[in-house]
Amino acid sequence: MIFVTGGAGFIGSNFVLDWLAQSDEPVLNLDKLTYAGNLHNLAGLSGDARHHFVQGDIGDSDLLAALLRDHRPRAILNFAAESHVDRSIHGPEDFIQTNIVGTFRLLEAVRAYWNQLEGKAKTDFRFLHVSTDEVYGSLAKDDPAFAETHRYEPNSPYSASKAASDHLVRAYHHTYGLPVLTTNCSNNYGPYHFPEKLIPLMIVNALAGKPLPVYGDGQQIRDWLYVQDHCSAIRRVLEAGQLGETYNIGGWNEKPNIEIVQTVCALLDALRPRADGNSYREQITYLSDRPGHDRRYAIDAGKIERELGWKPAETFETGIRKTVQWYLNNPAWVEGVQSGAYRDWVQTNYAGRAQ
Ligand code: NAD
Ligand code: TYD
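Residues numbered from 1 in each chain as written. Chains lettered and ligands numbered in written order. Predicted model: local features only at pLDDT ≥ 70, side-chain atom pairs only at ≥ 80, totals over all residues. Heavy atoms only, no water.

Points about the site of ligand 1
Right, on to step 1. Near ligand 1 lie 28 residues; those nearest to it are Ile-11, Asp-31, Ser-83, Tyr-158 and Lys-162.
Right, on to step 2. For ligand 1, an oxygen atom lies 2.9 Å from a polar atom in the backbone of Gly-9.
Right, on to step 3. Leu-33 places a polar main-chain atom, nitrogen or oxygen, 3.4 Å from an oxygen atom of ligand 1.
Right, on to step 4. In isolation ligand 1 exposes 850 Å². Once the protein is present, 97% of that is buried.
Right, on to step 5. Sorting the residues of the shell around ligand 1 by element identifies α1 (10-22), β5 (126-132) and α6 (157-176) as the ones contributing at least two each.
Right, on to step 6. Looking at which element gives the most residues to the shell around ligand 1, the answer is β5, with 3 residues. (Near = heavy atom within 4 Å. Polar contact = N/O pair within 3.5 Å; in protein donor to acceptor, adjacent residues only side chain to side chain. Areas by Shrake-Rupley, 256 points an atom, 1.4 Å probe, with all protein chains shown as cover. Helix = DSSP H or I, 4+ residues; strand = E, 2+ residues; numbered from the N terminus.)

Here it is, written out as structure tokens:
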């Protein structure tokens, strides 16, 4: 079996669903169920014996040792993290605990487990760490996209904590020989994306008649990848990646934020027009910028394409249409995640920003 951490979050749950749609190999899924973890994402697996869910923390060494001893996975995929930049600005502590200390504890538990494996089980074992392009910092307009050799220059508490976890993973390979793989992916979007992040927030706010909050001038650039393409890239790296290597994953889809928001508005105008016949664009509101806001991310995904033959299946146009349609088709999911904790967050992040 494989052991997934953070498998009730956005990318992790998409990964578990995709994995079990394509394979009968069971999944052990450890997730703390923070505000971002949502078992409704995995409702399609209820009663499926191939999915074994455990609520717990990647920082819990005793739990990790017991799970590894009892389930004997052939691979670990570490998705668990605090993942939202704005939250890391308001409260970095959880990011340090989960992304750094948690990854360290996980590595220690896996090292002990891997050390006592023998023969083929030991040779074939893999630890795949899921990371982000944000560890590379910010690009100027004409800089080349991030290659795997780009220096680490994280600018937010989130990206700094992810960078630290990448360094620990690297060190466990070089020092202890742990068979690790690291992936650094650009911004994802798609089903089950928590509506604190740009794309789902815009869809949900537009439909609710609320402002569409654009930070600064809206000209910051992100490089968007449909989440199922990220999942297929991770499967490919797990299957064929070279030990100790890192792979950048991206969709060759650089877009300024304002263009993303306008695209979402145009799709909603066509698929679910406003009652008054006006465009959702009327709801766009410019707010004061995010402190330390990275100007541009762009991924050079050439290495994974050359060495492992992976390419994204979706263009931005097909992926964003599917995504908007998914949110329109799943109002109960949206309602379910808009809990008290979510409302408190909206108050914390947006109430103090000048228009
Ligand atoms: P998410 O916030 O939606 O989900 C994170 C999951 O981890 C949640 O289910 C949460 O409950 C769980 N979790 C948090 N702390 C935990 C802990 N201490 N122990 C166990 N579980 C814990 O995040 P996501 O967007 O799905 O991101 C998954 C991974 O991919 C993260 O490592 C993130 O850094 C990385 N990543 C995300 C993106 C993106 O665009 N979302 C892009 C590149 C890389
Ligand atoms: P986000 O989805 O938080 O991802 P990240 O910060 O990890 O790239 O934000 C994507 C971009 O959208 C980023 O440049 C910040 C911007 N943004 C807004 O303009 N308004 C918002 O309300 C949010 C959440 C993000």
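Here's the deal with the pattern of salt bridges
Right, on to step 1. Tallied over the full model, the rule gives 20 salt bridges.
Right, on to step 2. In this structure, Asp-86 and Arg-353 form a salt bridge, with 3.8 Å as the shortest nitrogen-oxygen distance. Taken together, the residues Asp-86 in helix α3 (residues 85-90) and Arg-353 in the segment after α13 (340-350) connect sequence positions 267 residues apart. Here Asp-86 and Arg-353 have matching classes, each one buried.
Right, on to step 3. Glu-108 is the partner of Arg-111 in a salt bridge, and the nearest nitrogen-oxygen pair spans 3.1 Å. On the criterion of helical spacing, the pair formed by Arg-111 and Glu-108 is a turn pair, its members being 3 residues apart in helix α4 (residues 93-115).
Right, on to step 4. Among the charged side chains, a network of salt bridges with common partners joins Asp-24, Asp-48 and Arg-50. (Salt bridge = Lys/Arg side-chain N within 4 Å of Asp/Glu carboxyl O. Buried < 20%, exposed > 50% of the residue type's maximum accessible area, 1.4 Å probe, protein only.)

Bear in mind that shape data such as this cannot, by itself, settle questions of function.
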